[in-house]
Amino acid sequence: MTTGKHVLGAFNIEYDSFADNIVFAAIIDRVGKFQLTMQKVCAYRPMGSSMVPMLEEEAFHLAAGVFPLRKWVRKAANGEIAISMNTIQRYLNKWVPRGYEMFGHEKGGQTNIDVGFKDLTNEQALKMYKAEITRMVADLNRTYVRAKLPDKSAPEVKELVNFLIEHQECKHGISHEDLLMIPQMEYFRRRGMFSFGQFDVHGNEISDHKTYLTYLQESLPEPYLQHRDFGFYLEQLALVVSGEKSAKEAQMMMPRLTRTSYCPCSKSVRWITEDPAN
(Lines give C-alpha, C1' and ligand atoms only; values in the text may rest on other atoms or scores of the structure.)
Protein backbone atom coordinates (compact mmCIF):
# COMPACT_ATOMS: atom_id res chain seq x y z
CA MET A 1 0.00 0.00 0.00
CA THR A 2 1.09 3.58 -0.60
CA THR A 3 0.60 6.79 1.35
CA GLY A 4 -3.02 7.79 1.08
CA LYS A 5 -4.52 4.31 0.74
CA HIS A 6 -4.25 3.12 4.33
CA VAL A 7 -7.28 2.77 6.57
CA LEU A 8 -5.28 3.84 9.64
CA GLY A 9 -4.49 7.56 9.68
CA ALA A 10 -0.95 7.21 11.06
CA PHE A 11 0.11 5.50 7.83
CA ASN A 12 -1.04 8.46 5.76
CA ILE A 13 1.16 11.05 7.47
CA GLU A 14 4.17 11.91 5.37
CA TYR A 15 7.75 11.43 6.58
CA ASP A 16 10.04 14.44 6.55
CA SER A 17 13.38 12.85 7.48
CA PHE A 18 15.20 9.62 8.26
CA ALA A 19 14.72 10.32 11.99
CA ASP A 20 10.99 10.53 11.33
CA ASN A 21 11.03 7.11 9.68
CA ILE A 22 13.05 5.51 12.49
CA VAL A 23 10.84 6.79 15.30
CA PHE A 24 7.79 5.69 13.30
CA ALA A 25 9.19 2.14 13.18
CA ALA A 26 9.89 2.08 16.92
CA ILE A 27 6.51 3.54 17.93
CA ILE A 28 3.89 2.78 15.27
CA ASP A 29 5.10 -0.68 14.22
CA ARG A 30 4.90 -1.60 17.89
CA VAL A 31 1.16 -0.97 17.69
CA GLY A 32 1.10 -3.55 14.92
CA LYS A 33 2.80 -6.05 17.22
CA PHE A 34 0.07 -5.57 19.82
CA GLN A 35 -2.75 -5.83 17.30
CA LEU A 36 -1.32 -9.02 15.79
CA THR A 37 -0.74 -10.56 19.22
CA MET A 38 -4.33 -9.89 20.24
CA GLN A 39 -5.57 -11.58 17.07
CA LYS A 40 -3.65 -14.82 17.69
CA VAL A 41 -6.77 -15.99 19.54
CA CYS A 42 -9.08 -15.18 16.63
CA ALA A 43 -11.98 -17.67 16.47
CA TYR A 44 -11.41 -17.98 12.74
CA ARG A 45 -8.43 -20.33 12.96
CA PRO A 46 -6.70 -19.45 9.65
CA MET A 47 -6.70 -15.81 10.74
CA GLY A 48 -5.27 -16.59 14.17
CA SER A 49 -2.60 -18.90 12.72
CA SER A 50 -1.44 -16.27 10.24
CA MET A 51 -0.46 -13.92 13.08
CA VAL A 52 2.72 -15.85 13.99
CA PRO A 53 4.67 -15.26 10.74
CA MET A 54 3.48 -11.66 10.63
CA LEU A 55 4.75 -11.11 14.18
CA GLU A 56 8.19 -12.35 13.09
CA GLU A 57 8.24 -9.69 10.39
CA GLU A 58 7.03 -7.05 12.85
CA ALA A 59 10.00 -7.84 15.09
CA PHE A 60 12.30 -6.78 12.25
CA HIS A 61 10.43 -3.49 11.89
CA LEU A 62 10.80 -2.78 15.60
CA ALA A 63 14.52 -3.54 15.51
CA ALA A 64 14.89 -1.20 12.53
CA GLY A 65 13.59 1.54 14.80
CA VAL A 66 15.16 0.77 18.16
CA PHE A 67 18.73 -0.06 17.09
CA PRO A 68 19.37 3.29 15.32
CA LEU A 69 17.84 5.12 18.29
CA ARG A 70 20.32 3.45 20.62
CA LYS A 71 23.20 4.47 18.34
CA TRP A 72 21.95 8.05 18.18
CA VAL A 73 21.61 8.46 21.96
CA ARG A 74 25.15 7.09 22.44
CA LYS A 75 26.49 9.58 19.91
CA ALA A 76 24.51 12.40 21.52
CA ALA A 77 26.00 11.51 24.91
CA ASN A 78 29.53 11.57 23.47
CA GLY A 79 29.03 14.85 21.66
CA GLU A 80 29.04 13.20 18.22
CA ILE A 81 25.52 14.38 17.52
CA ALA A 82 23.96 12.78 14.48
CA ILE A 83 20.42 13.19 15.81
CA SER A 84 20.02 15.14 19.06
CA MET A 85 17.98 14.00 22.05
CA ASN A 86 15.71 16.99 21.51
CA THR A 87 15.03 15.92 17.92
CA ILE A 88 14.19 12.37 19.02
CA GLN A 89 11.85 13.76 21.68
CA ARG A 90 10.02 15.91 19.14
CA TYR A 91 9.43 12.91 16.89
CA LEU A 92 8.21 10.89 19.85
CA ASN A 93 5.77 13.72 20.49
CA LYS A 94 4.61 13.48 16.88
CA TRP A 95 4.09 9.72 16.68
CA VAL A 96 3.13 8.51 20.17
CA PRO A 97 -0.30 10.24 20.11
CA ARG A 98 -1.00 8.62 16.73
CA GLY A 99 0.02 5.28 18.21
CA TYR A 100 -2.43 5.71 21.09
CA GLU A 101 -5.24 6.42 18.61
CA MET A 102 -4.57 3.28 16.58
CA PHE A 103 -6.06 1.17 19.39
CA GLY A 104 -9.46 2.79 18.89
CA HIS A 105 -11.54 4.67 21.43
CA GLU A 106 -10.51 3.88 24.98
CA LYS A 107 -14.01 2.68 25.87
CA GLY A 108 -14.34 0.30 22.92
CA GLY A 109 -13.22 -3.18 21.99
CA GLN A 110 -15.53 -5.38 24.02
CA THR A 111 -17.38 -6.57 20.91
CA ASN A 112 -14.10 -7.91 19.48
CA ILE A 113 -13.74 -10.06 22.60
CA ASP A 114 -17.36 -11.19 22.56
CA VAL A 115 -17.17 -12.46 18.98
CA GLY A 116 -13.72 -14.01 19.44
CA PHE A 117 -11.58 -11.64 17.36
CA LYS A 118 -9.26 -10.39 20.13
CA ASP A 119 -8.53 -11.04 23.79
CA LEU A 120 -8.15 -7.46 25.10
CA THR A 121 -10.30 -4.34 25.10
CA ASN A 122 -8.90 -1.16 23.55
CA GLU A 123 -8.12 0.33 26.95
CA GLN A 124 -6.37 -2.80 28.22
CA ALA A 125 -4.19 -3.03 25.12
CA LEU A 126 -3.48 0.70 25.18
CA LYS A 127 -2.23 0.60 28.77
CA MET A 128 0.06 -2.32 27.95
CA TYR A 129 1.35 -0.50 24.88
CA LYS A 130 2.10 2.66 26.88
CA ALA A 131 3.94 0.61 29.50
CA GLU A 132 6.05 -1.04 26.78
CA ILE A 133 7.07 2.14 24.98
CA THR A 134 7.84 3.68 28.38
CA ARG A 135 10.23 0.78 29.05
CA MET A 136 11.77 1.29 25.61
CA VAL A 137 12.44 4.96 26.36
CA ALA A 138 13.80 4.06 29.81
CA ASP A 139 16.29 1.77 28.05
CA LEU A 140 17.31 4.62 25.73
CA ASN A 141 17.82 6.92 28.73
CA ARG A 142 20.00 4.33 30.44
CA THR A 143 21.98 3.92 27.21
CA TYR A 144 22.52 7.69 27.14
CA VAL A 145 23.67 7.85 30.77
CA ARG A 146 25.97 4.80 30.41
CA ALA A 147 27.65 6.51 27.46
CA LYS A 148 28.02 9.71 29.49
CA LEU A 149 29.26 7.95 32.63
CA PRO A 150 30.99 4.72 31.53
CA ASP A 151 32.40 4.09 35.03
CA LYS A 152 28.91 3.71 36.53
CA SER A 153 27.51 0.23 37.06
CA ALA A 154 24.16 -0.80 35.55
CA PRO A 155 22.33 -0.48 38.91
CA GLU A 156 23.89 2.96 39.46
CA VAL A 157 22.83 4.10 35.99
CA LYS A 158 19.27 2.91 36.56
CA GLU A 159 19.14 4.64 39.95
CA LEU A 160 20.48 7.89 38.47
CA VAL A 161 17.96 7.89 35.61
CA ASN A 162 15.10 7.29 38.05
CA PHE A 163 16.38 10.08 40.32
CA LEU A 164 16.67 12.60 37.48
CA ILE A 165 13.16 11.88 36.22
CA GLU A 166 11.52 11.74 39.65
CA HIS A 167 13.16 14.88 41.07
CA GLN A 168 13.49 16.84 37.80
CA GLU A 169 17.05 17.80 38.71
CA CYS A 170 20.60 17.82 37.37
CA LYS A 171 23.26 15.44 38.68
CA HIS A 172 26.73 14.38 37.46
CA GLY A 173 26.40 16.89 34.64
CA ILE A 174 23.18 15.31 33.33
CA SER A 175 19.83 17.09 33.50
CA HIS A 176 16.40 15.50 33.41
CA GLU A 177 15.85 17.68 30.33
CA ASP A 178 18.56 15.70 28.53
CA LEU A 179 16.49 12.53 28.84
CA LEU A 180 13.57 11.27 26.76
CA MET A 181 9.99 10.75 27.90
CA ILE A 182 6.75 9.29 26.56
CA PRO A 183 3.95 11.87 26.22
CA GLN A 184 0.88 11.24 28.34
CA MET A 185 -2.32 10.08 26.66
CA GLU A 186 -3.95 13.52 26.74
CA TYR A 187 -1.31 15.27 24.59
CA PHE A 188 -1.98 16.21 20.92
CA ARG A 189 -4.94 13.90 20.47
CA ARG A 190 -7.54 14.15 17.72
CA ARG A 191 -9.40 10.91 18.35
CA GLY A 192 -10.58 9.14 21.49
CA MET A 193 -11.39 10.45 24.95
CA PHE A 194 -8.99 13.40 24.80
CA SER A 195 -9.59 14.49 21.21
CA PHE A 196 -8.92 18.19 20.60
CA GLY A 197 -8.08 18.82 24.23
CA GLN A 198 -5.25 21.24 25.03
CA PHE A 199 -2.69 19.40 27.16
CA ASP A 200 1.09 19.35 27.45
CA VAL A 201 3.21 16.19 27.25
CA HIS A 202 2.81 15.68 31.02
CA GLY A 203 -0.99 15.66 30.75
CA ASN A 204 -1.46 19.14 32.25
CA GLU A 205 -4.23 21.20 30.66
CA ILE A 206 -3.33 24.42 28.86
CA SER A 207 -6.42 26.63 29.00
CA ASP A 208 -5.20 29.47 26.79
CA HIS A 209 -5.43 28.62 23.08
CA LYS A 210 -2.51 30.80 21.95
CA THR A 211 -0.28 29.39 24.68
CA TYR A 212 -1.17 25.88 23.53
CA LEU A 213 -0.31 26.68 19.91
CA THR A 214 3.06 28.03 21.00
CA TYR A 215 3.62 24.90 23.06
CA LEU A 216 2.93 22.66 20.05
CA GLN A 217 5.44 24.61 17.97
CA GLU A 218 8.05 24.11 20.67
CA SER A 219 7.37 20.40 21.19
CA LEU A 220 6.84 19.03 17.66
CA PRO A 221 9.36 18.65 14.79
CA GLU A 222 9.71 21.89 12.85
CA PRO A 223 9.18 20.25 9.41
CA TYR A 224 5.93 18.67 10.59
CA LEU A 225 4.58 22.10 11.52
CA GLN A 226 4.56 22.86 7.78
CA HIS A 227 2.64 19.71 6.84
CA ARG A 228 -0.98 19.89 5.78
CA ASP A 229 -1.81 17.20 8.31
CA PHE A 230 -0.85 19.57 11.13
CA GLY A 231 -2.59 22.48 9.44
CA PHE A 232 -5.87 20.58 9.24
CA TYR A 233 -5.59 19.70 12.92
CA LEU A 234 -5.16 23.39 13.81
CA GLU A 235 -8.20 24.32 11.72
CA GLN A 236 -10.45 21.82 13.50
CA LEU A 237 -9.00 22.67 16.90
CA ALA A 238 -9.84 26.35 16.38
CA LEU A 239 -13.44 25.42 15.60
CA VAL A 240 -13.67 23.28 18.75
CA VAL A 241 -12.16 25.99 20.94
CA SER A 242 -14.54 28.61 19.51
CA GLY A 243 -17.52 26.34 20.15
CA GLU A 244 -18.45 26.11 16.46
CA LYS A 245 -17.91 22.32 16.51
CA SER A 246 -17.84 19.58 19.08
CA ALA A 247 -14.75 17.39 19.41
CA LYS A 248 -16.75 14.51 17.91
CA GLU A 249 -17.67 16.58 14.86
CA ALA A 250 -14.07 17.70 14.46
CA GLN A 251 -12.90 14.07 14.48
CA MET A 252 -15.18 13.36 11.54
CA MET A 253 -13.78 16.30 9.60
CA MET A 254 -10.10 15.44 9.96
CA PRO A 255 -9.05 14.83 6.34
CA ARG A 256 -6.94 12.02 5.00
CA LEU A 257 -4.78 11.50 1.96
CA THR A 258 -6.33 9.40 -0.76
CA ARG A 259 -5.39 8.47 -4.30
CA THR A 260 -6.79 10.65 -7.07
CA SER A 261 -6.84 7.64 -9.38
CA TYR A 262 -7.00 3.91 -8.82
CA CYS A 263 -5.05 3.15 -11.96
CA PRO A 264 -2.08 0.94 -10.84
CA CYS A 265 0.37 3.35 -12.51
CA SER A 266 -0.95 6.42 -10.68
CA LYS A 267 0.77 7.54 -7.50
CA SER A 268 -0.95 10.93 -7.12
CA VAL A 269 -2.85 11.59 -3.90
CA ARG A 270 -5.00 14.41 -2.55
CA TRP A 271 -6.53 15.41 0.76
CA ILE A 272 -10.24 14.69 1.25
CA THR A 273 -12.68 15.06 4.13
CA GLU A 274 -15.51 12.73 4.97
CA ASP A 275 -19.07 14.04 4.81
CA PRO A 276 -20.55 13.34 8.28
CA ALA A 277 -24.01 13.15 6.68
CA ASN A 278 -23.01 10.09 4.59
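Residues numbered from 1 in each chain as written. Predicted model: local features only at pLDDT ≥ 70, side-chain atom pairs only at ≥ 80, totals over all residues. Heavy atoms only, no water.

1. Focus: the overall build of the protein chain
1) Next: Within the protein chain one finds ten helices and four strands.
2) Next: When each of the 278 residues of the protein chain is scored for burial, the buried share is 46%.
3) Next: Restricting to contacts in the protein chain with at least 6 residues of sequence separation, those with at least 24 account for 60%. (Helix = DSSP H or I, 4+ residues; strand = E, 2+ residues; numbered from the N terminus. Buried < 20%, exposed > 50% of the residue type's maximum accessible area, 1.4 Å probe, protein only. Contact = heavy atoms within 4.5 Å.)

2. Examining the pattern of salt bridges
1) Next: With the rule as written, the count across this model stands at ten salt bridges.
2) Next: Between aspartate 20 and lysine 94 there is a salt bridge, with the nearest N and O atoms lying 2.8 Å from each other. With aspartate 20 in helix H1 (residues 18-38) and lysine 94 in helix H4 (residues 85-101), this pair connects stretches of sequence that are 74 residues apart. This pair shows no difference in class: aspartate 20 is buried, exactly as lysine 94 is.
3) Next: The salt bridge involving glutamate 132 is made with arginine 30; its shortest N-O contact spans 2.8 Å. Residue glutamate 132 is located in helix H6 (residues 122-148), and its partner arginine 30 is located in helix H1; the two are separated by 102 residues in the primary sequence. (Salt bridge = Lys/Arg side-chain N within 4 Å of Asp/Glu carboxyl O.)

3. What about H4?
1) Next: Helix length check: H4 (17 residues) gives 25 Å between terminal C-alpha atoms against 24 Å at 1.5 Å per residue, within 8%.
2) Next: Most of H4 is tucked away, with 14 of its 17 residues classed as buried. (Expected span 1.5 Å × (residues − 1).)

4. Re the confidence of the model for the protein chain
1) Next: Mean pLDDT over the protein chain: 85, with 86% of residues reaching 70 or higher.
2) Next: Overall, residues 257-273 carries pLDDT values under 50, and its contacts beyond four positions in sequence, including any with other chains, amount to 39 contacts. (pLDDT = per-residue confidence, 0-100.)

5. Concerning the packing of helix H8 (residues 209-219) against helix H9 (residues 228-242)
1) Next: Between H8 and H9, the least distance of the axes is 12 Å, while the angle of their chain directions is 165 degrees. The orientation of H8 relative to H9 falls into the category roughly antiparallel. In the packing of H8 onto H9, the handedness of the crossing is right-handed. Contacts between H8 and H9 involve His209, Tyr212, Leu213 and Leu216 from the first element and Phe230, Tyr233, Leu234, Leu237, Ala238 and Val241 from the second.
2) Next: Classifying every residue of the contact of H8 with H9 by side-chain character gives nine nonpolar, one polar and no charged. (Axes fitted to C-alpha atoms, helices over the stretch in contact; angles between N-to-C directions. Parallel < 35°, antiparallel > 145°, perpendicular 65-115°, else oblique. Left-handed = near helix turned anticlockwise from the far one by under 90°. Nonpolar A, V, L, I, M, F, W, Y, C, P; charged D, E, K, R; others polar.)

6. Focus on the packing of aromatic side chains
1) Next: In this structure the tally under the stated criterion is 13 aromatic pairs.
2) Next: Taking 6.0 Å as the distance between ring centres and 75 degrees as the angle between the ring planes, the aromatic pair formed by phenylalanine 18 and tryptophan 72 counts as edge-to-face. Of this pair, phenylalanine 18 sits in helix H1 while tryptophan 72 is found in helix H3 (residues 51-77), placing the two residues 54 residues apart along the sequence.
3) Next: Residue classification places tryptophan 72 among the buried positions, given a relative accessible area of 9%.
4) Next: With a centroid separation of 6.3 Å and an interplanar angle of 70 degrees, the aromatic rings of phenylalanine 188 and tyrosine 224 are classed as edge-to-face. Taken together, the residues span a long stretch of sequence, with phenylalanine 188 in the loop between strand E2 (174-175) and H8 and tyrosine 224 in the loop between H8 and H9 at a distance of 36 residues. In this structure, phenylalanine 188 and tyrosine 224 share a single accessibility class: buried. (Phe/Tyr/Trp six-rings, centres within 6.5 Å; stacked < 30°, edge-to-face > 60°.)

7. What to know about the environment of serine 49
1) Next: Looking at the element boundaries, serine 49 is found in helix H2 (residues 45-49).
2) Next: Note on serine 49: relative accessible area 42%, which makes it partly exposed.
3) Next: In sequence terms serine 49 and glutamine 39 are ten residues apart; their C-alpha atoms lie 9.0 Å from each other.

8. Thoughts on the nonpolar core
1) Next: Of all hydrophobic cores here, the largest spans 64 residues; its most connected members are Ile27, Tyr129, Tyr144, Val145, Phe188 and Tyr233.
2) Next: Contributing elements (two or more residues each) for this core: H1, H3, H4, H6, helix H7 (154-167), H8 and H9.
3) Next: For valine 145, the contacting residues outside a window of four places in its chain are Val157, Leu160, Val161, Ile174 and Leu179. (Core = buried A, V, L, I, M, F, W, Y, C linked by side-chain atoms within 4.5 Å.)

9. Comments concerning the environment of leucine 160
1) Next: Residue position: leucine 160 is located in helix H7.
2) Next: The class for leucine 160 is buried, based on a relative accessible area of 7%.
3) Next: Contact partners of leucine 160, with chain neighbours within four places excluded, come to Val145, Leu149, Lys171 and His172.

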